[in-house]
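# Understanding the architecture of this molecule
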Amino acid sequence: MLISFCDYSIILCRLFLLIAQMMLEEHEPMGKIQKYTGYTVDKLKEIEKTMENKQH
């Protein structure tokens, strides 16, 4: 079974999101998270805020 480019992109986006969430939970430095995920500081803060909202 072949995976389309679109499916591959979605999988990668979800993977990077999960990595970012895990690293944020572990209180890794923003620079390190940016290096591994490619997300900007603003995007990481948005992810962090979303995670906080889900906990409440």
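Refer to the structure presented above.
All values reported here derive from a predicted model rather than from experimental measurement. (Residues numbered from 1 in each chain as written. Predicted model: local features only at pLDDT ≥ 70, side-chain atom pairs only at ≥ 80, totals over all residues. Heavy atoms only, no water.)

Moving on, we get to the overall build of the protein chain. What the protein chain contains, in helices and strands, is three helices and zero strands. In sequence order, the protein chain lays out its α and β elements as α-α-α. The C-alpha atoms of the protein chain give 13 Å as radius of gyration, which overshoots the globular expectation for 56 residues (10 Å, by more than 25%). Projected onto its principal axes, the C-alpha positions of the protein chain cover 40 × 25 × 20 Å. With 56 residues in all, the protein chain has 16% of them scored as buried. (Helix = DSSP H or I, 4+ residues; strand = E, 2+ residues; numbered from the N terminus. Rg over C-alpha atoms; globule rule 2.2 N^0.38 Å. Buried < 20%, exposed > 50% of the residue type's maximum accessible area, 1.4 Å probe, protein only.)

A few words on the pattern of salt bridges. Inspection of every chain in the model, using the stated rule, returns two salt bridges. Of the charged contacts, one joins lysine 32 and glutamate 28 as a salt bridge, the two residues approaching to 3.2 Å between their closest N and O atoms. Under the relative-accessibility criterion, lysine 32 is labelled partly exposed at 36%. Residue glutamate 28 is classed as partly exposed on the basis of its relative accessible area, which comes to 28%. In this structure, the salt-bridge partner of glutamate 46 is lysine 43, at a minimum N-O distance of 3.5 Å. Here glutamate 46 and its partner lysine 43 are both found in helix α3 (residues 41–55), three residues apart, which amounts to about one turn of the helix. A relative accessible area of 32% places lysine 43 in the partly exposed class. (Salt bridge = Lys/Arg side-chain N within 4 Å of Asp/Glu carboxyl O.)

Tallying each qualifying case throughout the model produces zero disulfides. Unpaired in this structure, cysteine 6 has its nearest cysteine sulfur neighbour in cysteine 13, at a distance of 9.5 Å. (Disulfide = S-S within 2.5 Å.)

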